[in-house]
Amino acid sequence: GAVVSQHPSRVICKSGTSVKIECRSLDFQATTMFWYRQFPKQSLMLMATSNEGSKATYEQGVEKDKFLINHASLTLSTLTVTSAHPEDSSFYICSAKGTGAQPQHFGDGTRLSIL
Amino acid sequence: AQKITQTQPGMFVQEKEAVTLDCTYDTSDPSYGLFWYKQPSSGEMIFLIYQGSYDQQNATEGRYSLNFQKARKSANLVISASQLGDSAMYFCAMREGIHNNDMRFGAGTRLTVKP
């Protein structure tokens, strides 16, 4: 089946640090990638959608200058949390899909803890 | 407005029995897709089953089946012969339209399988 690799799986860092999370589709071309955030015991909330080669579309309430998304190729998207603060601590999950009515395939998530 | 509703925060089922997880949705778009994902405590999202709005038959995948009642706008997941490894969070999700790519998730149901 389709595989999406997300790295790193866990990050612990100090407040003010910028953190980059990578999301790769390993065996298919991901025309669209999605970034979600999940707080404990809550559902996944879509942060942004990115199509290869174009700017990401952010959901209402998500700061695009704080959560930088780059989707430079059909197999890689990155999310950079700039100047992270404790309130940014969360579980971040990426997903990717190809064209047509295909399911999204998810990475294993990144647990981000800001001290 | 909430488009995907999962009314059962938690469910218990005895091992080897069947269980139904409820999901209702709201959309005015005639073309949409419905998905179920499983999220174990480790966090990864595992795709289980997909139902397209124009599909005539209910989707089935092994022990998973989707009870699709279009007029009622419900897409309940049925897990037959529950196993201990089925204990996890289960999310229902919907993707609207032909060109719209993003997926919205319900609040989730925590399923616990008892030995």
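Every value quoted in this text rests on a predicted model; they were computed, and no experiment measured them.

### Some words on the overall build of chain A
Thought 1: When you go through chain A residue by residue, the secondary structure sums to zero helices and eleven strands.
Thought 2: Counting from the amino terminus, chain A carries its helices and strands in the arrangement β-β-β-β-β-β-β-β-β-β-β.
Thought 3: Expected size for 115 residues packed as a compact globule is a radius of gyration near 13 Å; at 13 Å, chain A falls within 12% of this value.
Thought 4: If you line up chain A on its principal axes, its C-alpha atoms span 40 × 25 × 25 Å.
Thought 5: Taken across its 115 residues, chain A has 50% of its residues classed as buried.
Thought 6: Relative to all contacts within chain A whose residues are 6 or more apart in sequence, the contacts with residues 24 or more apart total 54%.

### Let's talk about the interface of chain B and chain A
Thought 1: Contact with chain B, which involves 18 residues of that partner, is made by 22 residues of chain A.
Thought 2: In this structure, the connection of chain B to chain A is made through one salt bridge.
Thought 3: The closest approach of N and O atoms between A:E59 and B:R104, which form a salt bridge, is 3.0 Å.
Thought 4: Taken together, chain B and chain A are joined by five residue pairs in polar contact (both at pLDDT 80 or more).
Thought 5: Of all the elements in the fold, those that place two or more residues in the side of chain B that touches chain A are strand 5 (32-39), strand 6 (46-52), strand 10 (88-96) and strand 11 (104-105) of chain B.
Thought 6: Per-class residue counts for the side of chain B that touches chain A are nine nonpolar, five polar and four charged.

### A closer look at the state of the cysteines
Thought 1: Summed over the entire model, instances satisfying the criterion amount to two disulfides over all chains.
Thought 2: Between the sulfur atoms of A:C23 and its disulfide mate A:C94 the distance is 2.0 Å. Between A:C23 and A:C94 the disulfide shows an S-S torsion of about 80°. By sign, it is right-handed. With A:C23 in strand 3 (residues 19-25) and A:C94 in strand 9 (residues 90-97), this residue pair connects regions lying 71 residues apart in the sequence.
Thought 3: For A:C94, a relative accessible area of 0% puts it in the buried group.
Thought 4: Between the sulfur atoms of B:C23 and its disulfide partner B:C92 the distance amounts to 2.0 Å. Here B:C23 and B:C92 share a disulfide; its torsion about the S-S bond, -65°, makes the bridge left-handed. A residue pair is termed long-range when its members are at least 10 positions apart, and B:C23 in the loop between strand 3 (19-21) and strand 4 (24-25) and B:C92 in strand 10 qualify at 69 residues.

### Side note on the pairing of strand 9 of chain A
Residues and elements named next belong to chain A.
Thought 1: Burial of strand 9 is extensive: eight of the eight residues sit out of reach of the surface.
Thought 2: In this sheet, strand 11 (residues 110-114) lies alongside strand 9 in antiparallel orientation, the contact comprising three bridges. Considered in strand 11, the bridge of Y92 is made with T110.
Thought 3: Here strand 9 runs beside strand 10 (residues 105-106); their pairing, made up of two bridges, is antiparallel. Its bridge partner being in strand 10, A96 is matched across the sheet by H105.

Parameters at a glance
Residues numbered from 1 in each chain as written. Chains lettered and ligands numbered in written order. Predicted model: local features only at pLDDT ≥ 70, side-chain atom pairs only at ≥ 80, totals over all residues. Heavy atoms only, no water. Helix = DSSP H or I, 4+ residues; strand = E, 2+ residues; numbered from the N terminus. Rg over C-alpha atoms; globule rule 2.2 N^0.38 Å. Buried < 20%, exposed > 50% of the residue type's maximum accessible area, 1.4 Å probe, protein only. Contact = heavy atoms within 4.5 Å. Salt bridge = Lys/Arg side-chain N within 4 Å of Asp/Glu carboxyl O. Polar contact = N/O pair within 3.5 Å; in protein donor to acceptor, adjacent residues only side chain to side chain. Nonpolar A, V, L, I, M, F, W, Y, C, P; charged D, E, K, R; others polar. Disulfide = S-S within 2.5 Å. Pairing = 2+ DSSP bridges.

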